[in-house]
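Below are the chains, spelled out letter by letter.
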Amino acid sequence: MNTKVSAILALSLCALSYLAPLAHADVAKGDVLDKSNWQRAEGLLPEPVLEWVKNGDVLNVGELSFRPEEFWPTAAKDNMETNVGKYDVDQDGVLLDVATGKLPDFVEGIPFPRVDIADPKAADKIMYNKIYYTYGQGNVRFPFYGIWLDREKGVEREMRCEWLQYPLDGYPEARKEKNPEGIERYSIIRVIEPFDIAGTNILLWRYRDKRPDSSFGYIPAIRRVRRMSPANRSDAFVGTDACVDDAWCFDGKVAAFTWKLLRKQEALLPWLDANPQPLEKNDAGEWQTTKTIKPVVFGHQKEGYTGAAWFPTNIVWVKRPAYVLEMNPKDPYYNYGKQYMWVDAQTYFNTFKIIHDRAGQYWKTFWISQGAFESPDKKMRWVTLATQMAVDDRTDHGTIIEDCSPRNQWVWYAVQDRNDYSMGGFQKLCK
């Protein structure tokens, strides 16, 4: 993207951050938004996304056949009323038990079932809800692919990876675990293919209090585990357009940022499909996606598509209530500057993250589409990621993170060994 366009976007984002959303024409199911009628989406999309539509990307507007606010992990449903008024956020951005004025012993479900937009800590609470929503789904095992793309040339490279998570908070079963270190959750990212970067792994220990994350990286070239700075989570991940903290649109520590709720508004948010996708129970008793999941067709896969090679062409864009947040890193060495987060107001899923550099200039956008999943008896229901994308508008380059798909079965309530997240277990996993 040239300097002139970049400057225009930066100014637009600044204005959008502090003013009420722009007036816009209404959109309805069946509408197709493209460069001929992009004005209809003004005020419903972040400015960079609107620019993509102006430049050739196409949005298919639809309606959901289900109510996303009914798709909650069991832990969240069971504690929806009992958690009201139970928690707060302290001056450091850390969860607080209102009754004791201290860190809670344990949290079940999402901590803030009702968010008052007039609350000065509303943005922090929205982000904690997002984090704890995923904890309520227990241990997870998520295979995924990272795909590098150039707008004109298409696919450049592909890697196969796996993301593992083991929460010690939010998930009721975790209450049984000993946790003297005060761990909030463990996670591991593994690179499996291709050969030249295979074995590049990252281990995270996130703490429940204000202590910064402990992160460790295994470097295959030297066959050693090295301690990483928390700011390293904002470095480009193995050459992609995304960093580790971009996962799920935000996978950082809430207390490591300052947050501000700018507004609540209607927005066009992307979903995998208008209908829920199936879940099935495997032989180990885990819940997983099936190979019949709707496959996403990206621009480079659709003949005649004139938009970006990385853009998902067959997802549905739905008018939804959304929060718009401003976030700033507390760490002066963090690579990103001010960021703006668009969050689904009913599922608490971060959908768009508009990223500025440390100098305050617009840089790139990370965004996801949501997908709803349910078991045949509808007793297990939740929302999760369907696609993730990082788009660097300066270099006109993108990275697709292909999540649950016909070739990636995602697993919740996964059977895992906690020892894999110890230093010894991690070193063994890396070899």
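Residues numbered from 1 in each chain as written. Predicted model: local features only at pLDDT ≥ 70, side-chain atom pairs only at ≥ 80, totals over all residues. Heavy atoms only, no water.

S.K.: What am I meant to see in unusual backbone geometry here?
M.R.: Negative phi characterises most residues that are not glycine, and trans characterises most peptide bonds. With an omega of 5°, the peptide bond between E193 and P194 qualifies as cis. For P194, the position within the fold is in the loop between β7 (183-193) and β8 (201-207). The phi dihedral of V238 is positive, around 40°, even though this residue is not glycine. Along the polypeptide, V238 turns up in the loop between β10 (224-228) and β11 (257-271). If you check the backbone angles, Y348 has positive phi at about 65° while not being a glycine. Along the chain, Y348 turns up in the loop between β15 (339-344) and β16 (350-356). Assessed through its relative accessible area of 5%, Y348 is described here as buried. (Helix = DSSP H or I, 4+ residues; strand = E, 2+ residues; numbered from the N terminus. Buried < 20%, exposed > 50% of the residue type's maximum accessible area, 1.4 Å probe, protein only.)

S.K.: Which parts of the structure should I look at to understand the confidence of the model for the chain?
M.R.: Note that predicted coordinates carrying low pLDDT should not be read in detail. When pLDDT is averaged across the chain, the result is 93; 94% of the residues are at 70 or more. Throughout residues 1-24 the model reports pLDDT below 50, and contacts reaching past four residues in sequence, or to other chains, amount to 41 contacts. (pLDDT = per-residue confidence, 0-100. Contact = heavy atoms within 4.5 Å.)

S.K.: So what exactly am I meant to see when it comes to the nonpolar core here?
M.R.: A general trend in soluble globular proteins is that nonpolar side chains are found buried together. With 136 residues, the main nonpolar core has L45, W259 and L325 as its most contacted residues. The dominant element in this core, judged by the number of residues it contributes, is helix α4 (residues 122-135), at nine residues. When near neighbours in sequence (up to four residues on either side) are disregarded, W259 contacts A123, D124, M127, F250, V254, L325, E326, M327 and M341. (Core = buried A, V, L, I, M, F, W, Y, C linked by side-chain atoms within 4.5 Å.)

S.K.: Just to check I follow, could you spell out the layout of surface pockets for this structure?
M.R.: Taking a probe equal in size to a water molecule and rolling it over the atoms shows the remaining empty space. One number sums up the size of the largest pocket: a volume of about 320 Å³. Forming the boundary of the largest pocket are 19 residues, of which P212, P230, K253, A256 and D331 lie nearest the centre. Taken together, the residues that form the lining of the largest pocket break down as eight nonpolar, one polar and 10 charged. (1 Å grid on protein atoms, 1.4 Å probe; cavity = no way out; pocket = protein on both sides within 12 Å on 5 of 7 lines; lining within 4 Å. Points joined across faces, edges and corners; volume = space filled by probe spheres on them. Nonpolar A, V, L, I, M, F, W, Y, C, P; charged D, E, K, R; others polar.)

S.K.: Honestly, α4 in this entry has me stumped. Any pointers?
M.R.: Owing to its 3.6 residues per turn, the α-helix brings residues three or four apart onto one side. The end-to-end C-alpha separation of α4 is 20 Å, in line with the 20 Å expected for 14 residues at 1.5 Å each. With 14 of 14 residues buried, α4 is to be regarded as a mostly interior element. (Expected span 1.5 Å × (residues − 1).)

S.K.: What is the right way to read the pairing of β7 from this model?
M.R.: Remember that side chains alternate between the two faces of the sheet whenever the strand is regular. Among the 11 residues that make up β7, eight are buried, leaving the element largely enclosed by the rest of the structure. Taken together, the eight bridges between strand β6 (residues 154-167) and β7 define a ladder with antiparallel strand orientation. In the strand pairing of β7, L164 is matched with I188. Here β7 runs beside β8; their pairing, made up of seven bridges, is antiparallel. Residue pairing across strands places I189 opposite I202, the latter belonging to β8. (Pairing = 2+ DSSP bridges.)

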